[in-house]
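Now for the letters of each chain:
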Amino acid sequence: MVEARNLLYMFYGFVAVWVILAAYVVSLVARERNLKKELTRVRGLIDERERAR
Amino acid sequence: MREKIIYILAAAAAVLLVRNLYVILLGLPDEAQQGPIYRIMFFHIPSAITCFIGFFAAGISSAIYLATKNPRYDAIDVASTEVSLAFATVVLATGSIWARIIWGIWWTWDARLTSMLVCWLLYASYLMLRRAIDEPTQRAKFSAVLSIFAFSDVIIVWKSIEWWRTQHPGPVLSIRTGGGRMDPAMEAAIYWNLLALILFGLVLVLVRLRQEETRREIDGMRQMAHAI
């Protein structure tokens with residue numbers, strides 16, 4: 001019983017490591033996607049304004 | 001070129017992590033007194049050292065930023081701090097889970113745990129400060145000062161298990177004790193996982209650094225768009 005609980009908490013520990021790191025990686029990927037969208041939008045805005053001049 | 005470096009480092013970290021997981025879960029025996037739960041230490045200790053290295057790099061780049069006012073060092077500062085904070089979260093979470101089994105409690109206000117929590121709060125407030133200030137030069141200057149101040153707590157965290165008698169175990173690695181406190185095979189597994197986590201952390205810092213550069217590029221282009 002004690003051994004099973006010990007093993008279960010070891011599993012929780014490993015899950016915690018991967019969940020925290022994966023959450024950070026996901027946030028990085030989401031930020032990357034937003035930055036690329038923003039870059040395309042601002043580039044489009046500059047092109048539009050230069051054409052209008 | 002940087003893309004290639006990121007992919008190579010990421011591949012090396014992935015291979016090492018798979019190899020280390022095999023050794024940690026299947027290669028090493030249970031620890032005599034703690035049982036299987038001690039395996040959490042193979043991530044807890046390397047994550048702690050990785051975050052301390054990251055906070056040290058952030059402190060150094062902050063000092064260089066204050067001396068040179070080069071925005072590149074501000075970017076290194078924020079990238080290092082953010083990634084290190086993720087590893088610091090791993091340290092607090094894994095330590096707490098280990099403590100629940102070994103001490104019977106999730107948390108205690110001892111010197112090591114408290115100083116580590118203060119460290120986490122200081123660097124989290126660094127990221128909040130950056131969000132609160134819009135003007136880039138002012139933001140970089142204030143956050144560099146906070147980063148240097150916060151690093152003083154990292155030194156307290158590192159030395160706390162020598163300065164005070166804490167519930168947290170004392171130093172076990174031979175680099176601090178001179179050896180004899182841990183089985184060499186177990187210690188080797190800690191160093192291998194430290195290498196894997198440092199490589200993984202470096203990949204995350206490089207990706208975050210690239211994002212910071214893109215953000216600066218966008219800010220510059222936005223100013224240009226307003227000027228047209």
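Details of the overall build of chain A
Next up, step 1: The secondary structure content of chain A amounts to one helix and zero strands.
Next up, step 2: A compact globule built from 53 residues would reach a C-alpha radius of gyration of about 10 Å, whereas chain A, at 23 Å, exceeds it by more than 25%.
Next up, step 3: Along the three orthogonal principal directions, the C-alpha set of chain A runs to about 75 × 10 × 5 Å.
Next up, step 4: In chain A, which comprises 53 residues, the proportion classed as buried is 11%.

Some details on the overall build of chain B
Next up, step 1: Looking only at helices and strands, one finds seven helices and zero strands in chain B.
Next up, step 2: Along the chain direction, N to C, the helices and strands of chain B fall in the order α-α-α-α-α-α-α.
Next up, step 3: Overall size of chain B, expressed as C-alpha extent along the three principal axes, is 70 × 40 × 30 Å.
Next up, step 4: Burial statistics for chain B: of 228 residues in total, 37% are counted as buried.
Next up, step 5: Of the contacts formed within chain B by residues at least 6 apart in sequence, a portion of 78% connects residues at least 24 apart.

A look at the interface of chain B and chain A
Next up, step 1: With 27 residues of chain B at the contact, the number on the chain A side is 25 residues.
Next up, step 2: Going through the elements one at a time, helix H3 (71–102) and helix H7 (184–227) of chain B are the ones with two or more residues in the side of chain B that touches chain A.
Next up, step 3: Taken together, the residues of the side of chain B that touches chain A break down into 17 nonpolar, five polar and five charged.

Brief notes about the packing of helix H4 (residues 111–132) of chain B against helix H5 (residues 136–163) of chain B
Residues and elements named next belong to chain B.
Next up, step 1: At a minimum axis distance of 9 Å, the contact between H4 and H5 shows a crossing angle of 170°. In this view, H4 runs roughly antiparallel relative to H5, as classed from their interaxial angle. Mapping the contact onto sequence places Ala111, Arg112, Ser115, Met116, Val118, Cys119, Leu122, Tyr123, Tyr126, Leu129 and Arg130 in H4 and Arg139, Phe142, Ser143, Leu146, Ser147, Ala150, Asp153, Val154, Ile156, Val157, Ser160 and Ile161 in H5.
Next up, step 2: Its residues placed into classes, the contact of H4 with H5 shows 15 nonpolar, four polar and four charged.

Quick notes on the nonpolar core
Next up, step 1: Counting 62 residues, the largest nonpolar core has B:Ile40, B:Ala88, B:Val90 and B:Val91 as its most contacted members.
Next up, step 2: Sorting the residues of this core by element identifies helix H1 (2–52) of chain A together with helix H1 (2–27), helix H2 (41–68), H3, H4, H5 and H7 of chain B as the ones contributing at least two each.
Next up, step 3: The leading source of residues in this core is H3(B), at 18 residues.
Next up, step 4: Ignoring sequence-local partners within four residues, the contact set of B:Ile40 consists of A:Met10, A:Gly13, B:Thr94, B:Ile97 and B:Trp98.

Re unusual backbone geometry
All names here are of chain B.
Next up, step 1: In this model, Lys69 sits at a positive phi of 60°, which is unusual for a non-glycine residue.
Next up, step 2: Within the secondary structure, Lys69 sits in the loop between H2 and H3.
Next up, step 3: For Lys69, a count of 13 C-beta atoms within 10 Å corresponds to the partly exposed category.

Brief notes about the packing of H2(B) against H7(B)
All names here are of chain B.
Next up, step 1: Where H2 contacts H7, the axes come no closer than 8 Å and their chain directions differ by 45°. Relative to H7, the element H2 is oriented oblique. Here H2 runs over H7; the crossing is right-handed. Between H2, through Phe42, Phe43, Ile45, Pro46, Ser47, Ile49, Thr50, Ile53 and Gly54, and H7, the contact on the second element is made entirely by Ala189, Ile190, Asn193, Leu194, Leu197, Ile198 and Gly201.
Next up, step 2: When the residues that make up the contact of H2 with H7 are grouped by side-chain class, the tally is eleven nonpolar, five polar and no charged.

Observations concerning H4(B)
Side chains that are three or four residues apart share a direction in an α-helix, a result of its 3.6 residues per turn.
All names here are of chain B.
Next up, step 1: Compared with the 32 Å implied by 1.5 Å per residue over 22 residues, the 31 Å span of H4 between its first and last C-alpha is a close match.
Next up, step 2: Within the sequence span of H4, burial applies to Arg112, Leu113, Ser115, Met116, Cys119, Tyr123 and Tyr126.
Next up, step 3: Here the buried face of H4 lies against H2, H3 and H5.

Describing the environment of B:Arg100
Next up, step 1: Examined against the element boundaries, B:Arg100 turns out to sit in helix H3.
Next up, step 2: B:Arg100 gets classed as partly exposed once you count the C-beta atoms within 10 Å, which come to 17.
Next up, step 3: Sequence spacing of B:Arg100 and B:Thr214 is 114 residues, and the spatial spacing of their C-alpha atoms is 43 Å.
Next up, step 4: Filtering out sequence-adjacent residues up to four positions away, B:Arg100 remains in contact with A:Tyr9, B:Ile105 and B:Trp106.

Re the environment of A:Leu35
Next up, step 1: Along the chain, the position of A:Leu35 falls in helix H1.
Next up, step 2: As a C-alpha pair, A:Leu35 and A:Glu3 span 32 residues in sequence and 48 Å in three-dimensional space.
Next up, step 3: Once you skip the residues sitting within four places of it in the chain, A:Leu35 turns out to touch B:Gln211, B:Thr214, B:Arg215 and B:Ile218.

Calculation rules
- Residues numbered from 1 in each chain as written.
- Chains lettered and ligands numbered in written order.
- Predicted model: local features only at pLDDT ≥ 70, side-chain atom pairs only at ≥ 80, totals over all residues.
- Helix = DSSP H or I, 4+ residues; strand = E, 2+ residues; numbered from the N terminus.
- Rg over C-alpha atoms; globule rule 2.2 N^0.38 Å.
- Buried ≥ 20, exposed ≤ 12 C-beta atoms within 10 Å, placed from the backbone.
- Contact = placed C-beta atoms within 7 Å.
- Nonpolar A, V, L, I, M, F, W, Y, C, P; charged D, E, K, R; others polar.
- Axes fitted to C-alpha atoms, helices over the stretch in contact; angles between N-to-C directions.
- Parallel < 35°, antiparallel > 145°, perpendicular 65-115°, else oblique.
- Core = buried A, V, L, I, M, F, W, Y, C linked by C-beta atoms within 7 Å.
- Left-handed = near helix turned anticlockwise from the far one by under 90°.
- Expected span 1.5 Å × (residues − 1).

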